[in-house]
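Structural features, examined
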Amino acid sequence: MALVRLGFGRQHLCLLKRSFLLLKLTAVVFAVLLFCEFLIYYLVIFRCDWPEVKTAAHGSGQKTLKAMFLADTHLLGEVRGHWLDKLRREWQMERAFQTALWLLQPEVVFILGDIFDEGKWSSSQGWADDVRRFQKIFRHPQHVQLKVVAGNHDIGFHYQMSTYKIKRFEKVFNPERLFSWKGINFVLVNSVALEGDGCHLCSEAERELIEISHKLNCSLEEPGSSLCRGLQRLPGSAPVLLQHFPLYRSSDANCSGEDAAPLEERGIPFKERYDVLSQEASQKLLWWLRPRLILSGHTHSACEVLHGAGVPEISVPSFSWRNRNNPSFIMGSMTPTEYALAKCYLPYENTVLVTYCVAAGFLVVLILSWT
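What you are looking at is a predicted structure, and each value in this text was computed from that prediction instead of being measured.

**Here's the deal with the overall build of the chain**
The helix and strand inventory of the chain stands at nine helices and eleven strands. Taken over the C-alpha atoms alone, the chain extends approximately 110 × 50 × 40 Å along its principal axes. Each of the 371 residues in the chain was classed as buried or not, and the buried ones make up 50%. Nonlocal contacts in the chain, meaning residues at least 24 apart in sequence, comprise 74% of its contacts between residues at least 6 apart. Carbon together with sulfur atoms contributes 59% to the accessible area of the chain, which is approximately 19,100 Å² in total. Where the 40 positive side-chain charges of the chain centre and where its 37 negative ones centre are 9 Å apart.

Following this line, the structure appears as structure tokens:
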């Protein structure tokens, strides 16, 4: 009888140890998932802060606008998108974006093209599904404005672009080309249409830009000018130019920084109308709009160059971990006369992978120590 009780006691103790091990394993798995898939975004983005405008004068009446700029989200579609890849990348972007909204509270968010990966060839059903997922990932409060420019993956390169694709894109995203807020003018350019070959869509895009140029010039004229009668008066501020394709530069050879293109790729010459705008289109934009700042996407890497008489252009890296190990976005504090920019890096993919590997090794040690 005593032997039976002893055996039962050992069996009970073994079950308790097994239950305790299972509890520890579950706790470790839960903690690692919570950190890698949720908390890490708060820990990393919490370190970002809005830059201060150096010459912001107290009492000047100028209000600072907090603007967030990101690019090349490349939401995968029904053709090339594996369900697991889509699930992973979209979760990462959703957590990063929602965390940034909550911690940083921008007033306006600009996405500089290539929102979708397959917009240039997606079916009506595929497009509708991509849009639904975009609206879930980049949902935002009503007081935050979201502005988008078209990229070559959204409507196709020039030879793929069509009226149908542009209208489909503009039906979802407001086609507003000129956006003014707090005395700051933003010009949102369909850079895919700046081919310069006189096609109907290209001519229409150039005509819109010429009209915007006229309005901006009139904002600097004295009220009552005969050439500007009947036009809504804009803030007298040089615009910020937003587009997908960068202005012409020969390569990324002069770009630097941890999120610039890899060293072996920086010297590769850029192809006009494919990697960057043509020299002619670039000169037209600078001449027509006379911007004080340009932000663009497309290259997936960071770069800062000066054009003309010292107009800076910032290439914004991709926001997707599918394109970069270290995605980021730009934070801009802007007034009608000044601006300050800062970069906010997102969690490194390597950090998450190493954390999972270390946790897996720890779990193996736990299991082996029990056996």
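**What about the sheet that holds strand S3 (residues 145-149)?**
In space, the five strands of this open sheet follow the order S3-S2-S1-S10-S11, with mixed pairing throughout. Each end of this open sheet is capped by a strand with a single partner; those strands are S3 and strand S11 (339-345). On average, adjacent strands in this sheet sit at an angle of 20° to one another, irrespective of strand direction. By the bridge criterion, seven bridges tie strand S10 (residues 328-334) to S11 in an arrangement that is antiparallel. Among the inter-strand pairings, Ser-328 is bridged to a residue of S11, identified as Tyr-345.

**So, the sheet that holds strand S9 (residues 311-315)**
Spatially, six strands are ordered S4-S5-S6-S7-S9-S8 in an open sheet, and the strand pairing comes out mixed. Two strands close off the open sheet at either side, each with one partner strand: strand S4 (178-181) and strand S8 (303-307). On average, adjacent strands in this sheet sit at an angle of 20° to one another, irrespective of strand direction. Taken together, the five bridges between S8 and S9 define a ladder with antiparallel strand orientation. Directly across from Cys-303, in S9, lies its bridge partner Ser-315.

**Looking at unusual backbone geometry**
The backbone phi angle of Gln-105 is positive, close to 50°, even though this residue is not glycine. With respect to the helices and strands, Gln-105 occurs in the loop between helix H2 (83-104) and strand S2 (108-112). Positioned with a positive phi, Lys-182 is a non-glycine residue whose angle comes to about 55°. Considering the arrangement of structural elements, one finds Lys-182 in the loop between S4 and strand S5 (184-188).

**Quick look at the environment of Ala-340**
Checked against the element boundaries, Ala-340 lands in strand S11. Among the residues examined, Ala-340 registers a relative accessible area of 13% and is labelled buried. Every residue in contact with Ala-340, bar those within four places of it in the chain, is listed here: Pro-51, Glu-52, Val-53, Met-331, Gly-332 and Ser-333.

**Quick look at the nonpolar core**
Among the nonpolar cores identified, the biggest contains 70 residues, and Leu-70, Phe-138, Val-187, Leu-285, Leu-289, Phe-319 and Phe-329 are the most heavily contacted of them. Among the elements that take part in this core, helix H1 (residues 2-45) stands out by supplying eight residues, more than any other. With residues up to four places along the chain from it excluded, the contact list for Val-187 reads Arg-177, Leu-178, Leu-209, Ile-212, Leu-216, Pro-239, Val-240, Leu-241, Leu-242 and Leu-289. Residues Phe-179, Phe-186, Leu-295 and Ile-330 belong to the second largest nonpolar core, which totals 20 residues.

**A look at helix H8 (residues 279-289)**
Here H8 has its buried residues at Ala-281, Ser-282, Leu-285, Leu-286, Trp-288 and Leu-289. Buried residues in H8 make contact with S5, helix H6 (200-218), strand S6 (240-242), strand S7 (293-296) and S8.

**Things to note about a nonpolar patch on the surface**
Together, Phe-30, Leu-34, Phe-38, Leu-39 and Leu-43 line one region of the surface with nonpolar side chains, adding up to about 460 Å² of accessible area. Position of Leu-34 relative to the elements: it lies in helix H1.

**Some details on the pattern of salt bridges**
Enumeration over the complete set of coordinates arrives at 20 salt bridges. Close ionic contact of Arg-89 with Asp-85 constitutes a salt bridge, the shortest N to O distance being 3.4 Å. Placement of the pair is Arg-89 and Asp-85 together in helix H2, with a separation of four residues, close to one helical turn. For Arg-89, a relative accessible area of 18% corresponds to the buried category. As a salt-bridge pair, Asp-252 and Arg-249 come within 2.9 Å of each other at their nearest N and O atoms. By relative accessible area, Asp-252 is classed as buried at 4%. Linked by salt bridges that have partners in common, Glu-90, Asp-129, Asp-130, Arg-132 and Arg-133 make up one network.

Rules used in this analysis
- Residues numbered from 1 in each chain as written.
- Predicted model: local features only at pLDDT ≥ 70, side-chain atom pairs only at ≥ 80, totals over all residues.
- Heavy atoms only, no water.
- Helix = DSSP H or I, 4+ residues; strand = E, 2+ residues; numbered from the N terminus.
- Buried < 20%, exposed > 50% of the residue type's maximum accessible area, 1.4 Å probe, protein only.
- Contact = heavy atoms within 4.5 Å.
- Areas by Shrake-Rupley, 256 points an atom, 1.4 Å probe, with all protein chains shown as cover.
- Lys, Arg positive; Asp, Glu negative; His and termini not counted.
- Charge placed at Lys NZ, Arg CZ, Asp CG, Glu CD.
- Pairing = 2+ DSSP bridges.
- Axes fitted to C-alpha atoms, helices over the stretch in contact; angles between N-to-C directions.
- Core = buried A, V, L, I, M, F, W, Y, C linked by side-chain atoms within 4.5 Å.
- Patch = residues over 30% accessible without salt bridge, like charges linked within 9 Å, V, L, I, M, F, W, Y side chains within 5 Å.
- Salt bridge = Lys/Arg side-chain N within 4 Å of Asp/Glu carboxyl O.

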